[in-house]
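An overview of the molecular structure
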Protein chains: 2
Amino acid sequence: MADRQDIHTSGVPALCEACEARHRGICGALSPDQLLGLSKTSSKQKIEAGAELVGDQETIDHYSNVLGGVVKLTKTLSDGRQQIVGLQFAPDFLGRPFRAESAINAEAATDVALCSFPKATIERMMKESPGLEHLLLTQTLKELDEARDWMVTLGRKTAAEKVASFLLLIARNIDPTARTRPGASFDLPLTRADIADFLGLTIETVSRQLTRLRADGVIRIENNRHVVIDHMARLEARSGI
Amino acid sequence: MADRQDIHTSGVPALCEACEARHRGICGALSPDQLLGLSKTSSKQKIEAGAELVGDQETIDHYSNVLGGVVKLTKTLSDGRQQIVGLQFAPDFLGRPFRAESAINAEAATDVALCSFPKATIERMMKESPGLEHLLLTQTLKELDEARDWMVTLGRKTAAEKVASFLLLIARNIDPTARTRPGASFDLPLTRADIADFLGLTIETVSRQLTRLRADGVIRIENNRHVVIDHMARLEARSGI
DNA sequence: CGTAAGTTTGAGCAGGTTCAACCGGTGTGG
DNA sequence: CCACACCGGTTGAACCTGCTCAAACTTACG
């Protein structure tokens, strides 16, 4: 358990040393002391695709950082119609603060790596260090911005525009080179059914629109899951900006 | 400018004495000193329906509290298609913290009463008092919850269910008795065009669905604007819960 | 009284859904 | 080893909800 002691990791728990959440995530707001305290009660875990992380109306007793993979947040009507209301990527914080019960369902869309810790610990630290609450506010505002962007897509875009918008969203979140290169390449983290639930469409419509984008040479699809976009600009032109 | 000095208002600026935002809104998190400081640079104003409060891509230099009326937040695609992405009622806080530019458009849906103050003042106070940031986080989380509920409506509900859901939303936010009595009664704060932009529908479809609800005896409509709901339960049954 | 803005109503159309069949890869058991 | 079932995905055809275009109506207001 002896940490390598240098300028950057002095006092940082071994568990957290290489962790992305320490740099771009919630843990960056914690003092070394707090980080140490949190790391004692936290645990990294691998979750496989399809597993439920938080059930609707379940009491919440822990929060998590997403360290890898994609988590989908869903809501379901009583007759089974489902809508994905959020996607979380590393290093997002997973959990609804200040609520005993979850109003949404969280499920691993791909294999997921999490770092979980007790709700009580974080809520105590939030009272101690304003920086943590500030970071949470920042992330929540970002999620609200994204949700509102998505409301435009759901309410006002055509099926073709919805699918193009979705591909752009995924490319920007998964392929780190997508912001610099003119193209992108990635594995879709969602099944056709998930994409349909995300876009408020049926799987058939999603499939047809993907086929059409491929036929028009805007994207290439390999193995049903891997997508190559040569010219992001052409996809953007179809996303109804 | 001499304040009446009693237990509840000691040190409270005259401007703020009867203000709802002091109790249920953002200002409740401020110390008497801060409230005084803020009140010196803030101004109450009446805005008439239709006026633009914040333009898309405009630089933000002030925030506001909504003291009365309804503010609609909209996003518009380049070809003019529009979507309402949020409605704000008293005593909501209006403005996007930590952003120089607005990504959305804010417009008075009805006549609106605001209390505005400089962005810089609030951001300084946020650093001083964690309670303020906590309240902002709370409101932002609430808005995120609402946005996600609305994504389900936009993505998965039928036109009939959308209109019923909208009426329920308004009833709960405008008619204070709606939570206790079985019925409700209120003026619609939005035109048919606004309702359509809110629901991702056309005005014709909204009109037809309202007519149908009226024909079925679920609601009564007077003067095109005033709505009476005798049995909320019947409306809920049509909202696709 | 006349105009304008907002709303309702009607008829035809089309985008997306529904229902159904098929395809290809993978895992399982005889 | 092959037959078979299963799962995710694709494709086709018919249908229907909500949209488009057009016209009438209602209310407010000068």
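See the structure printed just above.
Note that this is a predicted model, so its numbers are computed, not measured. (Residues numbered from 1 in each chain as written. Chains lettered and ligands numbered in written order. Predicted model: local features only at pLDDT ≥ 70, side-chain atom pairs only at ≥ 80, totals over all residues. Heavy atoms only, no water.)

Further remarks concern the state of the cysteines. The full count for this structure, using the stated rule, is 0 disulfides over all chains. We note that Cys115 of chain A lacks a disulfide partner, and the nearest cysteine sulfur, in Cys19 of chain A, lies 6.0 Å from it. Counting only cysteine sulfurs, Cys19 of chain B is the nearest neighbor of Cys27 of chain B, a cysteine outside any disulfide, at a range of 6.0 Å. (Disulfide = S-S within 2.5 Å.)

Not every one of the 16 residues close to DNA strand D is listed here, only the nearest: Arg192, Ser207 and Arg208 of chain A together with Ala159 and Thr205 of chain B. Here DNA strand D approaches the protein such that, of its atoms within 4 Å, sugar and phosphate make up 65%. Within the contact set of DNA strand D, a phosphate oxygen lies 2.8 Å away from a backbone nitrogen or oxygen of Ala159 of chain B. Measuring from a phosphate oxygen of DNA strand D, one finds a side-chain N or O atom of Thr205 of chain B at 2.3 Å. (Near = heavy atom within 4 Å. Polar contact = N/O pair within 3.5 Å; in protein donor to acceptor, adjacent residues only side chain to side chain.)

The subject of this paragraph is the sheet that holds strand 4 (residues 71-76) of chain A. All names here are of chain A. Taken together, 4 strands build an open sheet; the order of strands is 2-7-4-5 and the sheet is antiparallel. Of all the strands in the sheet, the pair left with one neighbour each is strand 2 (52-54) and strand 5 (82-88). The sheet shows a mean angle of 35° between the axes of neighbouring strands, direction not considered. Sheet topology note: the strand 2/strand 7 (residues 105-108) ladder contains 2 bridges and is antiparallel. Looking at the pairing, Val54 lines up with Ala106 of strand 7. The strands touched by helix 7 (residues 192-199) within the sheet are strand 4 and strand 5, with strand 5 carrying the most contacts at an inclination of about 95°. (Pairing = 2+ DSSP bridges. Helix = DSSP H or I, 4+ residues; strand = E, 2+ residues; numbered from the N terminus. Axes fitted to C-alpha atoms, helices over the stretch in contact; angles between N-to-C directions. Contact = heavy atoms within 4.5 Å.)

Turning our attention to the pairing of strand 5 (residues 82-88) of chain B. Residues and elements named next belong to chain B. Of all 7 residues in strand 5, 6 are buried; the element is thus mostly enclosed. Pairing of strand 4 (residues 71-76) with strand 5, which is carried by 6 bridges, proceeds in the antiparallel orientation. Each residue of the ladder has a partner; that of Thr74, found in strand 5, is Ile84. The turn joining strand 4 and strand 5, which pair antiparallel and follow one another in sequence, is formed by 5 residues; a positive phi near 105° is taken by Gly80. (Buried < 20%, exposed > 50% of the residue type's maximum accessible area, 1.4 Å probe, protein only.)

Glancing now at the protein's contact with DNA strand C. Close to DNA strand C lie 16 residues, the nearest being Ala159 and Thr205 of chain A together with Arg192, Ser207 and Thr211 of chain B. Among the atoms of DNA strand C lying within 4 Å of the protein, the sugar-phosphate backbone contributes 63%. At 3.2 Å from a phosphate oxygen of DNA strand C is found a side-chain nitrogen or oxygen belonging to Thr202 of chain A. Glu204 of chain A places a polar side-chain atom, nitrogen or oxygen, 3.1 Å from a base nitrogen of DNA strand C. Elements supplying a minimum of two residues to the surface near DNA strand C: helix 8 (203-215) of chain A together with helix 8 (203-215) of chain B. It is helix 8 of chain B that provides the largest number of residues to the surface near DNA strand C, a total of 4 residues. A class-by-class count of the residues in the surface near DNA strand C yields 2 nonpolar, 8 polar and 6 charged. (Nonpolar A, V, L, I, M, F, W, Y, C, P; charged D, E, K, R; others polar.)

In this section: helix 8 of chain B. Residues and elements named next belong to chain B. If you check helix 8, its first and last C-alpha atoms are 18 Å apart, about what 13 residues at 1.5 Å a residue would give, namely 18 Å. Looking at helix 8, one finds that the buried residues are Val206, Gln209, Leu210 and Leu213. Take helix 8 and look down its axis: the buried residues cluster within an arc of 100°, on one side only. Across from the buried face of helix 8, at angles greater than 90 degrees, the exposed residues are Arg208 and Ala215. In this fold, the buried residues of helix 8 make contact with helix 6 (159-174), helix 7 (192-199), strand 10 (219-222) and helix 9 (232-237). Looking one or two residues past helix 8, Gly217 carries a phi angle of roughly 80°, positive in sign. (Expected span 1.5 Å × (residues − 1). Arc of directions from axis to C-beta.)

Attention now moves to the interface of chain A and chain B. Taken together, the contacts link 43 residues of chain A with 43 residues of chain B. Of the roughly 4,000 Å² buried between chain A and chain B, counting both surfaces, carbon and sulfur atoms make up 61%. Looking only at chain A, the three residues that lose the most surface to chain B are Arg148, Met151 and Arg156 of chain A, adding up to 20% of its buried area. Seen at the junction of chain A and chain B, the total is 12 salt bridges. Across the pair Arg99 of chain A and Asp145 of chain B runs a salt bridge whose closest N-O atoms are separated by 3.2 Å. Here chain A and chain B share 25 residue pairs in polar contact (both at pLDDT 80 or more) between them. Looking at the side of chain A that touches chain B, the elements that each hand over two or more residues are strand 4, strand 5, helix 5 (130-156) and helix 7 of chain A. In terms of residues, the side of chain A that touches chain B owes the most to one element, helix 5 of chain A, which gives 20 residues. (Buried area = accessible area lost by both parts, 1.4 Å probe. Salt bridge = Lys/Arg side-chain N within 4 Å of Asp/Glu carboxyl O.)

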